[in-house]
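Residue-level structure breakdown
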Number of protein chains: 2
Amino acid sequence: MGGSEAAPDRPGRPLVRKFDQRLNKLIATIYPDERRRPGYSRLAKEISEKTGGTISGTYLWELATGKKRNVTLEQLDVLAEFFGVPPEYFLNDEAAERIDAQLALAVALRDAKVRNLALRAEGLSPASLDALITMVDEARKVQNLSPIDDDDTGTKAPPGGR
Amino acid sequence: MGGSEAAPDRPGRPLVRKFDQRLNKLIATIYPDERRRPGYSRLAKEISEKTGGTISGTYLWELATGKKRNVTLEQLDVLAEFFGVPPEYFLNDEAAERIDAQLALAVALRDAKVRNLALRAEGLSPASLDALITMVDEARKVQNLSPIDDDDTGTKAPPGGR
DNA sequence: CCGCAGCATCCGCTGAAGTGGACAGTGAAC
DNA sequence: GTTCACTGTCCACTTCAGCGGATGCTGCGG
């Protein structure tokens, strides 16, 4: 694979220049596990279901790969709402970095709480654990996370702080 | 003729809802004198010349009157650059209010004599400044200028303002 | 082995973003 | 009065944001 990407011609205003990077970063932040990351079509469907707006898998791909960049405000709003960031994330560099930090922190906190939850769950009766598992699954649905099939394979989340 | 069009037609995402108001406010801020304000065509030409981007007078009118609202990022950038505001101005309410205050000050300071006055006023005692403010208000009355409600920085401006 | 399911990628189309030019109205200079 | 420069408003047109659907590929269960 001759890795050298063709010099990406980056015409247009500076605002639009980094759109693909931002979008990919958001996707990677929400789905840290690359194997379980849904494809663009599925992702588009989840976005539509959660936000009530419409977006197509094809268009998501075009945005993520940089083939299209000049989004309209309506789509920007849909994307921002789904990923849980203010729309300025896509516009301003400083805002993007700051929000990135918040996102990373939120993910880290989530992990810590998950560990905490696991510690506290130890010793509960199987019936109680089953009830909790059901509740967690419902919560995952609400937060548009991929459902966990059976038992966790033990793949730990990479602590690589990036 | 009797058809009173109050323009209650406001569909779409919340992001896009107030675009016309924001744009009109910006124009009114940059050109405070209504009589000397250039038309949309001329304004469009100035925008194109200053920012290097392209925008048409017709489109400006459509945006200002609310006939079109779903702008693309490229146009958003052009408008923001011309009016001297960050693009978030069109997206976020708080940012808009905050920037409005700065903008009014900047426009006031565009007048060299006003700037001079402000420089000289620095360091005066609050009592002296109050006296000067009263005098300026009286002068405004004499010259039939719209009165300034109150000038406090930091707190948000009263909503529903026009 | 074969289907099936999901993936990235592309192609062609619809509709809306965005433009150019025409029209009528207004106030100032003549 | 007429003319001019300018305006707001509209409409026909071009361009591209955005979408549906077809393609070939890979992995998985039968």
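An account of the accompanying structure is given in this report. This one's a predicted model, so the numbers in the text were calculated from it and none came from an experiment. (Residues numbered from 1 in each chain as written. Chains lettered and ligands numbered in written order. Predicted model: local features only at pLDDT ≥ 70, side-chain atom pairs only at ≥ 80, totals over all residues. Heavy atoms only, no water.)

Re the overall build of chain A
- Of regular secondary structure, chain A possesses seven helices and zero strands.
- Listing each helix as α and each strand as β along chain A from the N terminus yields α-α-α-α-α-α-α.
- In chain A, which comprises 162 residues, the share counted as buried stands at 31%.
- Across chain A, every contact between residues at least 6 apart in sequence was considered, and the portion connecting residues at least 24 apart equals 53%.
- Looking at chain A as shown, the accessible area adds up to about 10,900 Å², and 55% of this sits on carbon and sulfur atoms. (Helix = DSSP H or I, 4+ residues; strand = E, 2+ residues; numbered from the N terminus. Buried < 20%, exposed > 50% of the residue type's maximum accessible area, 1.4 Å probe, protein only. Contact = heavy atoms within 4.5 Å. Areas by Shrake-Rupley, 256 points an atom, 1.4 Å probe, with all protein chains shown as cover.)

Focus on the interface of chain B and chain A
- With 22 residues of chain B at the interface, the matching set in chain A holds 23 residues.
- Roughly 1,900 Å² is buried in total at the junction of chain B and chain A, and carbon and sulfur atoms are behind 60% of that figure.
- Of all residues in chain B, Arg13, Leu73 and Glu74 of chain B bury the most surface against chain A, accounting for 37% of the area lost on that side.
- At the surface where chain B touches chain A, the tally comes to zero salt bridges.
- Along the contact surface separating chain B from chain A lie eight residue pairs in polar contact (both at pLDDT 80 or more).
- Looking at the side of chain B that touches chain A, the elements that each hand over two or more residues are helix 1 (14–17) and helix 5 (73–83) of chain B.
- Broken down by element, the residue count for the side of chain B that touches chain A peaks at six residues, all from helix 5 of chain B.
- Looking at the side of chain B that touches chain A, its residues break down into ten nonpolar, seven polar and five charged. (Buried area = accessible area lost by both parts, 1.4 Å probe. Salt bridge = Lys/Arg side-chain N within 4 Å of Asp/Glu carboxyl O. Polar contact = N/O pair within 3.5 Å; in protein donor to acceptor, adjacent residues only side chain to side chain. Nonpolar A, V, L, I, M, F, W, Y, C, P; charged D, E, K, R; others polar.)

Description of the protein's contact with DNA strand D
- Not every one of the 17 residues close to DNA strand D is listed here, only the nearest: Tyr59, Lys68 and Thr72 of chain A together with Gly39 and Trp61 of chain B.
- Of all DNA strand D atoms lying within 4 Å of any protein atom, the proportion belonging to sugar or phosphate reaches 68%.
- Between a phosphate oxygen of DNA strand D and a main-chain N or O atom of Ser56 of chain A, the distance comes to 3.0 Å.
- Side-chain polar atom of Gln75 of chain A to a sugar or linking oxygen of DNA strand D: 3.4 Å apart, as the coordinates give it. (Near = heavy atom within 4 Å.)

Focus: the protein's contact with DNA strand C
- Close to DNA strand C lie 17 residues, the nearest being Gly39 and Trp61 of chain A together with Thr58, Tyr59 and Thr72 of chain B.
- Sugar plus phosphate, as a fraction of atoms of DNA strand C within 4 Å of the protein: 71%.
- At a separation of 3.4 Å, a phosphate oxygen of DNA strand C approaches a polar backbone atom of Ile55 of chain B.
- With respect to DNA strand C, the side chain of Gln75 of chain B contributes an N or O atom lying 3.4 Å from a sugar or linking oxygen.
- Sorting elements by how many residues they give to the surface near DNA strand C places helix 4 (residues 57–64) of chain B first, with three residues.

Side note on the pattern of salt bridges
All names here are of chain A.
- With the rule as written, the count across this model stands at four salt bridges over all chains.
- Between Lys18 and Asp93 there is a salt bridge whose closest N-O contact spans 3.1 Å. Here the residue Lys18 occupies a position in the loop between helix 1 (14–17) and helix 2 (19–30), and Asp93 occupies one in helix 6 (residues 93–121), the gap between them amounting to 75 residues.
- With relative accessibility at 35%, the residue Lys18 sits in the partly exposed group.

Quick look at the packing of aromatic side chains
Residue and element names in this part refer to chain A.
- Scanning the model with the defined rule gives six aromatic pairs over all chains in all.
- When the centroid spacing of 5.1 Å and the interplanar angle of 80° are considered together, the rings of Phe82 and Phe83 count as edge-to-face.
- Judged by relative accessible area, Phe82 falls into the buried class, the value being 2%.
- What makes Phe83 buried here is its relative accessible area of 5%.
- Geometrically, the ring pair formed by Tyr89 and Phe90 is edge-to-face, given 5.6 Å between the ring centres and 85° between the ring planes. One exposure class covers both Tyr89 and Phe90, and it is buried. (Phe/Tyr/Trp six-rings, centres within 6.5 Å; stacked < 30°, edge-to-face > 60°.)

What about the relation of the copies chain B and chain A?
- With an RMSD of 0.1 Å, the fit of chain B onto chain A corresponds to turning through 180° and sliding 0.0 Å along the axis. Taken together, the rotation and translation relating the two chain copies correspond to the operation of a two-fold axis. Minimal C-alpha separation from the rotation axis in chain B is found for Thr72 of chain B, amounting to 2.0 Å.
- In this assembly the copies share their binding face: 100% of the residues contributing to the interface of chain B also contribute to that of chain A. (Least-squares fit on C-alpha atoms with pLDDT ≥ 70 in both.)

Things to note about the environment of Lys25 of chain B
All names here are of chain B.
- Note that Lys25 resides in helix 2 (residues 19–30).
- Judged by relative accessible area, which is 39%, Lys25 ranks as partly exposed.
- For Lys25 and Ala64, which are 39 residues apart along the polypeptide, the C-alpha to C-alpha distance reads 9.6 Å.

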